[in-house]
Amino acid sequence: MFVQRRTINTDVSITGIGLHSGIYTTVELHPAPAGSGITFVRADLKGLRIPALQASTTALDYATTVGKDDVQVGTVEHLLSAIMACGITDVDIHIDGPEVPIIDGSALPFMHLIDAAGVRDLGSEIPVLRLREPIEVTHGDKSIRITPANRLIIKYRIDFDHPSIGRQSAHFDFGHDNFLRKIAPARTFGFMRDVEKMRAAGLARGGSVENAVVLDDRGVVNGPLRFRDEFVRHKVLDLIGDLALIGRPIAGEITAHRAGHALHSRFVEQILQAAAAQEAEAEAPLGQRSIQQQFA
Ligand SMILES: [Zn+2]
């Protein structure tokens, strides 16, 4: 199964504060040629290029970071989630600092940005990754698995001991319109009780009631929510962003329970290993077939 490679039509940009660094950056999306993939370009550091691939991931605390040679780009997942939902396979993401702006904490501003740029087919195709065998990664009571399917379906369950969250589950059939309506508006969330600890660790320095759903022990501090189950929808958003690091579209039914960036990342690693093994296996019989064809 193949899909069209796609990029954007024209340059677009967005500026804002980084959720963890508290640093203001500008992100500029530029069209890119077929086959170049999704690449972060540190415009402030001689255009150092960091491919948006699993091999580039350097940190997974509360957000996904990619890097190369001590240079990093943090909190890439919401932007990558929007890029993936728009079917974009090739784009250069210029950024003049260490972290993608959080804007409102969701992927909606990035969907609007890509919409403003427009999307076009590049005239070549990219194979969709379809695994033949299931894969499961677990850590304590957290788990995530994929079983073979012809399209991407995500089922996510969370269970937080908090009156405003509790148990929530989402069933998401991957597609642009569904993403735009049901997933993209869901904002990141954080707990007041974690803020001091996170700030001491250099995290959440740009976090505020403007860019995250903030919870104290009783409930949501800055309501109303955009969805009653906004929390689990945001987990789906994060997972799609982390799946973008596979480097090509994927089909399969994914079931996640209480997972997060660290488990998503181990899962993507397992998927890439299984894909490499599956493709190596597929090559041998293909070679034999071509010899048979030569003699036919
Ligand atoms: Zn997130």
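One can find the structure itself at the top, above this paragraph.
Rules used throughout
- Residues numbered from 1 in each chain as written.
- Predicted model: local features only at pLDDT ≥ 70, side-chain atom pairs only at ≥ 80, totals over all residues.
- Heavy atoms only, no water.
- Pairing = 2+ DSSP bridges.
- Helix = DSSP H or I, 4+ residues; strand = E, 2+ residues; numbered from the N terminus.
- Core = buried A, V, L, I, M, F, W, Y, C linked by side-chain atoms within 4.5 Å.
- Buried < 20%, exposed > 50% of the residue type's maximum accessible area, 1.4 Å probe, protein only.
- Contact = heavy atoms within 4.5 Å.
- Axes fitted to C-alpha atoms, helices over the stretch in contact; angles between N-to-C directions.
- Parallel < 35°, antiparallel > 145°, perpendicular 65-115°, else oblique.
- Left-handed = near helix turned anticlockwise from the far one by under 90°.

> Would you explain the pairing of strand β2 (residues 12-17) in this entry?
Regular strands place side chains that alternate from one sheet face to the opposite one. By the bridge criterion, six bridges tie β2 to strand β3 (residues 24-31) in an arrangement that is antiparallel. Across the sheet, the residue bridging to isoleucine 17 is tyrosine 24, located in β3. The turn joining β2 and β3, which pair antiparallel and follow one another in sequence, is formed by six residues; a positive phi near 75 degrees is taken by glycine 22.

> Sorry if this is basic, but what is going on with the nonpolar core here?
Inside soluble globular proteins, nonpolar side chains tend to come together where they are buried. Within the largest apolar cluster, 70 residues are counted, with the highest numbers of intra-cluster contacts made by Leu29, Phe40, Leu80, Ile93, Ile154, Phe179 and Leu243. The element contributing the most residues to this core is helix α5 (residues 230-243), with seven residues. Leucine 243 has contacts with Met84, Leu152, Ile154, Ile254, Phe267 and Val268, leaving out every residue within four places of it along the chain.

> What am I meant to see in the packing of helix α1 (residues 77-85) against helix α2 (residues 108-117) here?
Two packed helices can be described by the angle between their axes and the distance between those axes. Where α1 contacts α2, the axes come no closer than 8 Å and their chain directions differ by 45 degrees. Taken together, the axis directions place α1 and α2 in an arrangement best described as oblique. Where α1 crosses over α2, the handedness of that crossing is right-handed. In this structure, α1 contributes His78, Leu79, Ala82, Ile83 and Ala85 to the contact, and α2 contributes Phe110, Met111 and Ile114.

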